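Structure at a glance
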There are 4 protein chains.
Amino acid sequence: MTKDWKSKLHEVIYEADTPAGKLFDVVLLVLILASIVLVMLESVEEFALAHGEFLNIAEWVITILFTLEYFARIISIRKPSQYIFSFYGIIDFLSTIPKYLSLFIIGSQSLVALRALRLMRVFRILKLARFIGESNNIMRALKASRVKIGVFIMFILILCTILGSVMYLIESEEGSGFTSIPRSIYWAIVTLTTVGYGDIAPHTALGQFIASIIMIMGYGIIAVPTGIVTAELATMDKDDVHLNTQSCPNCSAEGHRDDAEFCFVCGESLHQKETE
Amino acid sequence: MTKDWKSKLHEVIYEADTPAGKLFDVVLLVLILASIVLVMLESVEEFALAHGEFLNIAEWVITILFTLEYFARIISIRKPSQYIFSFYGIIDFLSTIPKYLSLFIIGSQSLVALRALRLMRVFRILKLARFIGESNNIMRALKASRVKIGVFIMFILILCTILGSVMYLIESEEGSGFTSIPRSIYWAIVTLTTVGYGDIAPHTALGQFIASIIMIMGYGIIAVPTGIVTAELATMDKDDVHLNTQSCPNCSAEGHRDDAEFCFVCGESLHQKETE
Amino acid sequence: MTKDWKSKLHEVIYEADTPAGKLFDVVLLVLILASIVLVMLESVEEFALAHGEFLNIAEWVITILFTLEYFARIISIRKPSQYIFSFYGIIDFLSTIPKYLSLFIIGSQSLVALRALRLMRVFRILKLARFIGESNNIMRALKASRVKIGVFIMFILILCTILGSVMYLIESEEGSGFTSIPRSIYWAIVTLTTVGYGDIAPHTALGQFIASIIMIMGYGIIAVPTGIVTAELATMDKDDVHLNTQSCPNCSAEGHRDDAEFCFVCGESLHQKETE
Amino acid sequence: MTKDWKSKLHEVIYEADTPAGKLFDVVLLVLILASIVLVMLESVEEFALAHGEFLNIAEWVITILFTLEYFARIISIRKPSQYIFSFYGIIDFLSTIPKYLSLFIIGSQSLVALRALRLMRVFRILKLARFIGESNNIMRALKASRVKIGVFIMFILILCTILGSVMYLIESEEGSGFTSIPRSIYWAIVTLTTVGYGDIAPHTALGQFIASIIMIMGYGIIAVPTGIVTAELATMDKDDVHLNTQSCPNCSAEGHRDDAEFCFVCGESLHQKETE
């Protein structure tokens, strides 16, 4: 009987196929967004000074709600450790704990520790990732091409190191911001990726000539990651099966096919209401 | 007899297959461009002061012509409500009315209301969209991949929120512009999308290191939307049918095939001259 | 006999299959590059003051050589008008004449006219385009997708007009550079294309919010032209025939297949040495 | 007997299939990264002044280790000249020699020579390229499309030369940084590649109008290299064979197939331990 109650809670929290499950998701979504807005507003000095009291209360309300959600998730799953040490379990914990810790750090502690703690609440936004779903094609394409992209980034870094060093040699005497090799490499990355802040920019004719070469290189090799992901996505599109939002009550695995009867990871039945 | 006249007007205004219809389109195109140029010139202070009289008269001439077009469109269509509440009907109304309203707001009203009203005339440029046509492949590809692109944008926003917050933690004490989390997120978006204004830029070594990571990420993940649209466009190109510019005299649906005899939305005959 | 001489000259100048033709091309290439460097150096004030005499002589030498090339091209072709009024004929004329005209404008004439004249010599760089060849796949892909790209650019311009106007409404009172609608549209283009100079940048929170939306849009819709050209290029690659650098001695048509015996435009034999 | 020892050393140094070979690679990787970090730190003035002694000693340790590696590579290969004059052989030599040369240049020599020498040590990062491997698909795609990319870059340069010259004509009198044609071309490249530093930016309305055109062009033609590489990569993916990290003990050729028994370049047996 208790189990049945837990099983229903599991369906509401971990799945989005039932009306209750959908409602839970919407409420959670709104809460996450509200909490992110709160954290942001808190960092705007004028607002924090004027509405400090309101921010504190609102933050406590949201923290308590997230605490309830955290325990509900632990209770409703069969093996709590599987949730607690999962990616989302850690995120849920890390983004809820700071407010409680802030009770103990008030006073003489350093400002940086407090700031870092407050920051952790921003990780709540990662809870949104639950709604995107892991079965997403783009993520799979990125995962499938991660080796190629890794090689590509390594190549970019080697290029930027050499180009940055050359620019340091040319421009370091000119007072144009190339004061050390790391800074010059930073500039090379800013330029190659076509960001171009302009806080550091070459002044000499030779420096500008080399900068031009870097820009055209950057403009050209942006094609490489695009080509990789496009080719990968084109392959992905062909073998696409419809997956749903169910999650296994036993091992929490997601990405089950619509016609799945049993979990593809642990073999547990996905429809337990009738059996129990 | 009257109906025949309306039917002809419909053909001239809503279609571009006859010489009269083409002429109407060209005149309309010129008028729209002229009116946009007028609105722009009005915002250039020196010009507005020197040629205020001319701008006012020209604006009235164009407004009256657009008013005539608006009523002609209402008269020539069978069910006027279908045009009035369509996207283009609302655009036509909103971009024509401001000049008339300005007659009543002269004097003590706030400058902002007047500015906002004047701005609405810029929406006339949306009338240009009529010439592009909805049957366009690119639009269809964008529509078909809107879920994927939505997920991608959500992913970008989550990333920028976290990265912006981290940068706020690192740089907020340095006087380099990271004064609040929203501003830091703004900076993260400016950097990740490779825009790079340079109004806010990291000063610390750690900040520049993280900025470099964001840039390389942005440089890499620009591949994702490209991959999505390319894959979608490649599929689109295969099943391409030739559509023409006719629009149904009954329901205004567009995108009829060249060999269509009846409207694919309401079943009305597309060639009414002979029958009536 | 004279004809045979002309025919040989034609082969040297217009084709690159014989050793003499290749040598002519290399000499021409070096001359063009040298002349471009000269024009550039002339614009660098310090250099122009120090080496004015050298620049003048070098420019005359190059101008006379290009004049000889121009007349050689006219003489060696059967129908001179075909060359004179072709794209390259006009470029050759426009880039050679300024030096001669400068003889007559010395003195009281306006500086701007002189500057514009000098500028025309830069068009010599277009002579380089001859070496790229029209039969290039990329050019064909761009040509094939020019309608789609035109629609895309029109879409960008409509978007930038509206976004620029909205930003003008929001930021014009803030002293942040949005002083008129055209300037705001310029900013919108700078932002949407991810160039991001930073000379104009939003100061208000609302302005920065809208700017963020524009950036993410720009980051996303860059995918559209890429998708178009990629799809077009993929189609192109399939039906690729090998073309050579021969040009018809009668009508100057280029892009003949390697196994072509007669011009595909006018039917003239491409191998005239034996017949005459 | 000696040969057997050399053969084992060859396997450790040039291949990564045995545990010893993998360990060697990891140690080398760490050494390269450490040495790059050292060179970078040396360029940061505050650090160099505070820890000059430490930097000098660490640099000597690394230099001696790389010297040992250099001689080990020469000894273990059958034809040392093949390694010495290979790309990596030259890199290994150039990045090791500067520290020894610095012994002789101390004193009255010019600072620039010393700087340039120190810079050469950065080339050690190219040693990392060994770990990427030449058999990489991306490199092959880039190599296969190098002619097209060359044509594309030539096209970009011609465009930037003309656009830069036009901007010089328009803006040179405005004090907006367009002081010479080369600088204007530099600006055109900065703009077309969407880098956009903002150190040079047009002030006149006409200049901003042309700048807008350049930006939209740049935004559009970025599609071209992407299209080229994507098309090339799509073709590559189809005919992919598995290659391993073995290198021929005779000619050092890499990229052997997993099932290869003999070097595909010189025909030498790849498995020599048993035969000798």
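Residues numbered from 1 in each chain as written. Chains lettered and ligands numbered in written order. Predicted model: local features only at pLDDT ≥ 70, side-chain atom pairs only at ≥ 80, totals over all residues. Heavy atoms only, no water.

**Observations regarding the overall build of chain A**
Of the regular secondary structure elements, chain A holds 13 helices and zero strands. Each helix (α) and strand (β) of chain A, taken in turn from the N terminus, gives the series α-α-α-α-α-α-α-α-α-α-α-α-α. Sequence-distant contacts, at least 24 apart, represent 58% of the contacts inside chain A between residues at least 6 apart. Only carbon and sulfur atoms are counted for the fraction: they give 68% of the accessible area of chain A, which is about 13,100 Å². (Helix = DSSP H or I, 4+ residues; strand = E, 2+ residues; numbered from the N terminus. Contact = heavy atoms within 4.5 Å. Areas by Shrake-Rupley, 256 points an atom, 1.4 Å probe, with all protein chains shown as cover.)

**Considering the relation of the copies chain C and chain B**
The operation relating the pair of chain copies consists of a rotation about an axis and a translation along that axis. After a rotation of 90° and a shift along the axis of 0.0 Å, chain C superposes on chain B with an RMSD of 0.1 Å. The transformation relating the two chain copies, once decomposed into turn and shift, fits a four-fold axis. When you check the interface residues of chain C against chain B, a mere 18% turn up at the interface there too, and the two sides of the contact use different surfaces. (Least-squares fit on C-alpha atoms with pLDDT ≥ 70 in both.)

**Examining the domain arrangement of chain A**
In terms of domains, chain A is made up of domain 1 (2-127) and domain 2 (143-222). Put simply, the middle of domain 1 of chain A and the middle of domain 2 of chain A, counted by C-alpha atoms, are 41 Å apart. (Domains from an automatic or database assignment.)

**Description of the side chain of Thr67 of chain B**
All names here are of chain B. By the secondary structure assignment, Thr67 is in helix H4 (residues 52-76). Assessed through its relative accessible area of 15%, Thr67 is described here as buried. Within polar-contact distance, the side chain of Thr67 engages the side chain of Tyr100 at 2.7 Å. Setting aside chain neighbours within four positions, we find Thr67 in contact with Thr96 and Tyr100. (Buried < 20%, exposed > 50% of the residue type's maximum accessible area, 1.4 Å probe, protein only. Polar contact = N/O pair within 3.5 Å; in protein donor to acceptor, adjacent residues only side chain to side chain.)

**As for the interface of chain C and chain B**
The interface of chain C with chain B comprises 44 residues on the first partner and 44 residues on the second. When chain C packs against chain B, close to 3,800 Å² is buried across both sides, 76% of that on carbon and sulfur atoms. Sorting the residues of chain C by area buried against chain B places Met215, Ile216 and Tyr219 of chain C first, and these three jointly supply 20% of that buried surface. At the junction of chain C and chain B, the tally comes to zero salt bridges. Applying the counting criterion to the chain C and chain B interface returns five residue pairs in polar contact (both at pLDDT 80 or more). No other element matches the 12 residues that helix H10 (residues 146-171) of chain C contributes to the side of chain C that touches chain B. Of the residues contributing to the side of chain C that touches chain B, the split by class is 27 nonpolar, 15 polar and two charged. (Buried area = accessible area lost by both parts, 1.4 Å probe. Salt bridge = Lys/Arg side-chain N within 4 Å of Asp/Glu carboxyl O. Nonpolar A, V, L, I, M, F, W, Y, C, P; charged D, E, K, R; others polar.)

**Things to note about the nonpolar core**
Within the largest apolar cluster, 221 residues are counted, with the highest numbers of intra-cluster contacts made by Trp187 of chain A, Trp187 of chain B, Trp187 of chain C together with Trp187 of chain D. When near neighbours in sequence (up to four residues on either side) are disregarded, Trp187 of chain B contacts Tyr197 of chain A together with Met167, Phe178, Ile200, Ala201, Pro202, Ala211 and Ile214 of chain B. (Core = buried A, V, L, I, M, F, W, Y, C linked by side-chain atoms within 4.5 Å.)

**Structural notes on the packing of helix H11 (residues 181-192) of chain B against helix H12 (residues 205-221) of chain B**
Residue and element names in this part refer to chain B. Contact geometry of H11 with H12 gives a least axis separation of 8 Å together with a crossing angle of 50°. Viewed along their axes, H11 and H12 adopt a mutual orientation that is oblique. Judged by residue contacts, Trp187, Ala188, Thr191 and Leu192 of H11 engage Ala211, Ile214, Met215, Met217, Gly218 and Ile221 from H12. In the contact of H11 with H12, the residues fall into eight nonpolar, two polar and no charged. (Axes fitted to C-alpha atoms, helices over the stretch in contact; angles between N-to-C directions. Parallel < 35°, antiparallel > 145°, perpendicular 65-115°, else oblique.)

**Topic: helix H11 (residues 181-192) of chain D**
It helps to recall that an α-helix has 3.6 residues per turn; residues three or four apart then point in one direction. Spanning 12 residues, H11 of chain D covers 16 Å between terminal C-alpha atoms, matching the ideal 16 Å at 1.5 Å per step. Burial of H11 of chain D is extensive: 10 of the 12 residues sit out of reach of the surface. Looking only at H11 of chain D, the buried set comprises Ile181, Ser184, Ile185, Tyr186, Trp187, Ala188, Ile189, Val190, Thr191 and Leu192 of chain D. In the core, the buried residues of H11 of chain D are packed alongside helix H12 (205-221) of chain A, helix H2 (19-43) of chain C together with helix H10 (146-171) and helix H12 (205-221) of chain D. Positive backbone phi, at 60°, marks Thr194 of chain D, one or two positions downstream of H11 of chain D. (Expected span 1.5 Å × (residues − 1).)

**Digging into the side chain of Glu69 of chain C**
Residues and elements named next belong to chain C. Positionally, Glu69 belongs in helix H4 (residues 52-76). Its relative accessible area of 6% is what places Glu69 among the buried residues. Excluding residues within four positions of it along the chain, Glu69 makes contact with Phe24, Leu28, Asp92, Lys127 and Arg130.

**Considering unusual backbone geometry**
Residue Thr194 of chain A is not a glycine yet carries a positive backbone phi of 60°. On the accessibility criterion, Thr194 of chain A (3% relative accessible area) is buried.

**Observations concerning the confidence of the model for chain A**
All names here are of chain A. Of the residues in chain A, 78% have a pLDDT of 70 or more, and the chain-wide mean is 79. In this model residues 239-243 is a low-confidence stretch, pLDDT under 50, and it forms 10 contacts with partners more than four residues away in sequence or in other chains. Among the scores for the predicted complex, ipTM is 0.79 and pTM is 0.81. (pLDDT = per-residue confidence, 0-100.)

**A look at the packing of aromatic side chains**
Here the structure, examined in full by the defined rule, presents 32 aromatic pairs over all chains. Consider the rings of Tyr70 of chain A and Phe93 of chain A, whose centres lie 6.1 Å apart with planes at 45°: the pair is tilted. One end of the pair, Tyr70 of chain A, is in helix H4 (residues 52-76); the other, Phe93 of chain A, is in helix H6 (residues 87-105), and 23 residues separate them in sequence. The exposure class assigned to Phe93 of chain A is partly exposed, which follows from its relative accessible area of 40%. The residue whose ring lies beneath Arg73 of chain B is Tyr14 of chain B, and the NZ or CZ to ring-centre distance is 5.2 Å. (Phe/Tyr/Trp six-rings, centres within 6.5 Å; stacked < 30°, edge-to-face > 60°. Lys NZ or Arg CZ within 6 Å of the ring centre and 35° of its normal.)

**Regarding the pattern of salt bridges**
Per the counting criterion, the structure on display carries 26 salt bridges over all chains. Notably, a salt bridge pairs Asp92 of chain B with Lys127 of chain B, separated by 3.0 Å at the nearest N-O pair. Residue Asp92 of chain B is found in helix H6 (residues 87-105), and its partner Lys127 of chain B is found in the loop between helix H7 (111-120) and helix H8 (129-132); the two are separated by 35 residues along the sequence. Grouping residues by exposure puts Asp92 of chain B and Lys127 of chain B together as buried. Of the charged contacts in the structure, one is a salt bridge between Arg73 of chain D and Asp92 of chain D, with a shortest N-O distance of 3.9 Å.

**Considerations on the environment of Glu53 of chain C**
As for its placement among the helices and strands, Glu53 of chain C is situated in helix H4. The class for Glu53 of chain C is exposed, based on a relative accessible area of 61%.

**Some points on a nonpolar patch on the surface**
A grouping of Ile57, Val61, Ile64, Leu65 and Leu68 of chain A is seen on the molecular surface, where their side chains present a nonpolar patch of about 440 Å² in accessible area. Among the structural elements, Ile57 of chain A can be located in helix H4. (Patch = residues over 30% accessible without salt bridge, like charges linked within 9 Å, V, L, I, M, F, W, Y side chains within 5 Å.)

**With respect to the environment of Lys99 of chain A**
Here Lys99 of chain A shows up in helix H6. Polar side-chain contacts of Lys99 of chain A include one of 3.1 Å to the side chain of Asn56 of chain A.

**A few points about the packing of H2 of chain C against H4 of chain C**
All names here are of chain C. The N-to-C vectors of H2 and H4 enclose an angle of 140°; their axes lie 10 Å apart at closest approach. The handedness of the crossing between H2 and H4 is left-handed. Of the residues in H4, those in contact with Phe24, Leu28, Leu31, Ile32, Ala34, Ser35, Leu38, Val39, Leu41 and Glu42 of H2 are Phe54, Leu55, Ala58, Glu59, Ile62, Leu65, Phe66, Glu69 and Arg73. Of the residues in the contact of H2 with H4, the class split is 14 nonpolar, one polar and four charged. (Left-handed = near helix turned anticlockwise from the far one by under 90°.)

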